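# Topology and contacts: notes
Next come the chains, spelled out residue by residue.
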Amino acid sequence: MKHVNIPVFVPHLGCPHDCVFCNQKTITGVREFDIARADEEIAKALSTIDRDNTEVEIAFFGGSFTGIERDLMLSLLSISDKYFDRGLISSVRCSTRPDYIDGEILDILKEHHVGTIEIGVQSMSDKVLEASMRGHNSMTTENACRLIVGRGFELVGQMMIGLPMSTPQDEIMTAERICALGATVARIYPTVVFYGTALCDMSRDLRYTPLSVEEAVERTSDVLEVFINHDVVVVRIGLCESDGLHDENGIYAGAFHPALGEMCVSRYYLKRFVRLLSAYDGPLKNVTLLTARGSLSKAIGQHKTNRKKLEEKFPSLKISFGESCSLNKYEIRLLTDNGESKCV
């Protein structure tokens, strides 16, 4: 079944915290919130969707949904109930903070057909959470995730790369904890510095060094590998495009690139190719690196970057690329000139 989300952005409503990186109005492109308009936008989106073989979900994104004023939250859920009862959607999802999850909240969400909860984990390092002014610690996240999974919701873990005080090791640990806590899906957001945030002030006075695109690609590709190894599906790397990102008062600095996700996946493939070729026991002259169907462009890299780097590292090899319908997503196979085959 094809899956379609109808997003309803609720920017920063209900959240008393000012995390150093946060400017939800810029990130979502939503400056004002009108519940009547939200209903209209849902109806409009539904009118464009061919619901044959399509699973449709309303998604309350952009803010801390379970922390907004209770009457507003219930009003939004009543809107989604209307479409659920008419058979126009199959479920609802929302995104929120770990400290806005408890048994009562989960009871309400379950009653209103919410099936998936996305938690802004960001980091499982307490020093990083404190430096980012998140307002909670890692134990709060642990408890929230266990409650969510224990009540039968699907858990999506959202994490960030390059927060203040964060190291690559912190980020790998965070990804591993998200997997261990039962997430089936993840989103990875390399830190972008927006005007009007504390992080922008910290960058200007050199208390924080924004990530370059290259640093973000390198660190994110390692985190991506953790999720792949645990069969956790990564549905998003980097921010979605919105008009606000390109305003003159939008992005100050940091790892924003329209092809960032593809670049990170390509780097993941490059690292795996290097390990596979380096570990091969025996002489090699001609090799073919196979990937799953639809993955060839990412395996070769933008502007054939991976091909060029492999040729530089293994100058004695003639390297070809191809696809195989027998391989699953992210699997690779090495074919040698003597007919040997190795799949990982």
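Residues numbered from 1 in each chain as written. Predicted model: local features only at pLDDT ≥ 70, side-chain atom pairs only at ≥ 80, totals over all residues. Heavy atoms only, no water.

For the protein chain, the count of helices and strands is 12 helices and 13 strands. Its C-alpha atoms give the protein chain a radius of gyration of 22 Å, within 12% of the compact-globule value 20 Å for 344 residues. Each principal axis of the C-alpha distribution contributes one length, and for the protein chain these read about 70 × 55 × 40 Å. Buried residues in the protein chain amount to 52% of all 344 residues. Of all intrachain contacts in the protein chain linking residues separated by at least 6 positions in sequence, the fraction that spans at least 24 positions is 79%. Of the roughly 16000 Å² of accessible surface on the protein chain, 49% is carried by carbon and sulfur atoms. Placing the 38 positive and 47 negative side-chain charges of the protein chain at their respective mean positions leaves the two points 7 Å apart. (Helix = DSSP H or I, 4+ residues; strand = E, 2+ residues; numbered from the N terminus. Rg over C-alpha atoms; globule rule 2.2 N^0.38 Å. Buried < 20%, exposed > 50% of the residue type's maximum accessible area, 1.4 Å probe, protein only. Contact = heavy atoms within 4.5 Å. Areas by Shrake-Rupley, 256 points an atom, 1.4 Å probe, with all protein chains shown as cover. Lys, Arg positive; Asp, Glu negative; His and termini not counted. Charge placed at Lys NZ, Arg CZ, Asp CG, Glu CD.)

Structurally, Gln 158 is set in strand β5 (residues 154-161). Setting aside its immediate chain neighbours within four residues, Gln 158 contacts Ser 95, Glu 118, Ile 119, Gly 120, Val 121, Gln 122, Arg 187 and Tyr 189.

What follows is about the pattern of salt bridges. The final tally for this structure, using the stated rule, is 18 salt bridges. A single network of salt bridges, built from pairs that share partners, joins Glu 214, Glu 218, Asp 222, Arg 267 and Lys 271. (Salt bridge = Lys/Arg side-chain N within 4 Å of Asp/Glu carboxyl O.)

This part covers the packing of helix α10 (residues 260-279) against helix α12 (residues 305-313). Here α10 crosses α12 at 25°, and the two axes come no closer than 10 Å. One finds that α10 runs roughly parallel with respect to α12. Between α10 and α12 the crossing geometry is right-handed. On the side of α10, the interface is formed by Ser 266, Arg 267, Tyr 269, Leu 270, Phe 273, Val 274, Leu 277 and Ser 278, while α12 contributes Asn 306, Lys 309, Leu 310 and Lys 313. A class-by-class count of the residues in the contact of α10 with α12 yields six nonpolar, three polar and three charged. (Axes fitted to C-alpha atoms, helices over the stretch in contact; angles between N-to-C directions. Parallel < 35°, antiparallel > 145°, perpendicular 65-115°, else oblique. Left-handed = near helix turned anticlockwise from the far one by under 90°. Nonpolar A, V, L, I, M, F, W, Y, C, P; charged D, E, K, R; others polar.)

For the rest of this paragraph, the subject is the pairing of strand β12 (residues 332-336). Only one face of β12 is buried: it carries Ile 332, Leu 334 and Thr 336, and the other face, with Arg 333 and Leu 335, is open. With five bridges connecting them, strand β10 (residues 286-292) and β12 associate as antiparallel partners. In the sheet register, Leu 290 faces β12, and the bridge partner there is Arg 333. (Pairing = 2+ DSSP bridges.)

Our next topic: helix α3 (residues 70-85). Taking 1.5 Å per residue as the helical rise, α3 with its 16 residues ought to reach 22 Å, and the 22 Å between its terminal C-alpha atoms agrees with that figure. Among the residues making up α3, those that are buried are Met 73, Leu 76, Leu 77, Ile 79, Ser 80, Asp 81 and Tyr 83. For α3, the secondary structure elements touched by its buried residues are α2 (35-47), β2 (54-61), β3 (91-96), α4 (103-111) and β4 (114-122). Its side-chain oxygen placed 3.2 Å from the backbone nitrogen of Asp 71, Glu 69 serves as the N-cap of α3. (Expected span 1.5 Å × (residues − 1). Polar contact = N/O pair within 3.5 Å; in protein donor to acceptor, adjacent residues only side chain to side chain.)

Here α10 contains 20 residues, and its C-alpha end-to-end distance of 29 Å stays within 8% of the 28 Å for a straight helix at 1.5 Å per residue. Of all the 20 residues making up α10, 16 are buried; the element is thus mostly covered by neighbouring parts of the structure.

Time to look at the pairing of β10. Counting buried positions over the seven residues of β10 gives five, a clear majority of the element. Sheet topology note: the β10/strand β11 (residues 318-324) ladder contains seven bridges and is parallel. Counted as the bridge partner of Asn 286 is Lys 318 from β11.

What follows covers the nonpolar core. The biggest cluster of nonpolar side chains holds 84 residues, and the ones touching the most others in it are Phe 60, Phe 65, Leu 109, Ile 117, Phe 227, Leu 277 and Leu 310. Element by element, the count of residues in this core is highest for α10, at 11 residues. Ignoring any residue separated from it by four or fewer positions in sequence, one finds Leu 277 in contact with Leu 284, Val 287, Leu 310, Phe 314, Leu 317, Ile 319 and Leu 334. Judged by nonpolar contacts, the second largest core, of 16 residues, contains Val 20, Phe 21, Val 128 and Phe 194. (Core = buried A, V, L, I, M, F, W, Y, C linked by side-chain atoms within 4.5 Å.)

To continue, consider the state of the cysteines. Applying the stated rule across the entire model yields zero disulfides. No disulfide involves Cys 22; its sulfur sits 6.0 Å from that of Cys 19, the nearest cysteine. (Disulfide = S-S within 2.5 Å.)

What follows covers the environment of Ser 316. When you line up the elements, Ser 316 lands in the loop between α12 and β11. Once the C-alpha coordinates of Ser 316 and Asn 286 are considered, the two residues, 30 residues apart in sequence, prove to be 8.9 Å apart.

Right, let's talk about the packing of aromatic side chains for a bit. What describes a pair of aromatic rings is the distance from one ring centre to the other and the angle between the planes of the rings. Tallied over the entire structure, the rule returns eight aromatic pairs. When the centroid spacing of 6.5 Å and the interplanar angle of 45° are considered together, the rings of Phe 9 and Phe 61 count as tilted. With Phe 9 in strand β1 (residues 2-9) and Phe 61 in strand β2, this residue pair connects regions lying 52 residues apart in the sequence. Owing to a relative accessible area of 31%, Phe 9 belongs among the partly exposed residues under this scheme. These aromatic residues form a ring-pair network of at least three members: Tyr 268, Tyr 269, Phe 273, Phe 321 and Tyr 330. Between the NZ or CZ atom of Arg 97 and the centre of the ring of Tyr 100, over which it lies, the distance is 5.9 Å. Lying over the aromatic face of Phe 153, Lys 110 brings its terminal NZ or CZ to 4.2 Å of the ring centre. (Phe/Tyr/Trp six-rings, centres within 6.5 Å; stacked < 30°, edge-to-face > 60°. Lys NZ or Arg CZ within 6 Å of the ring centre and 35° of its normal.)

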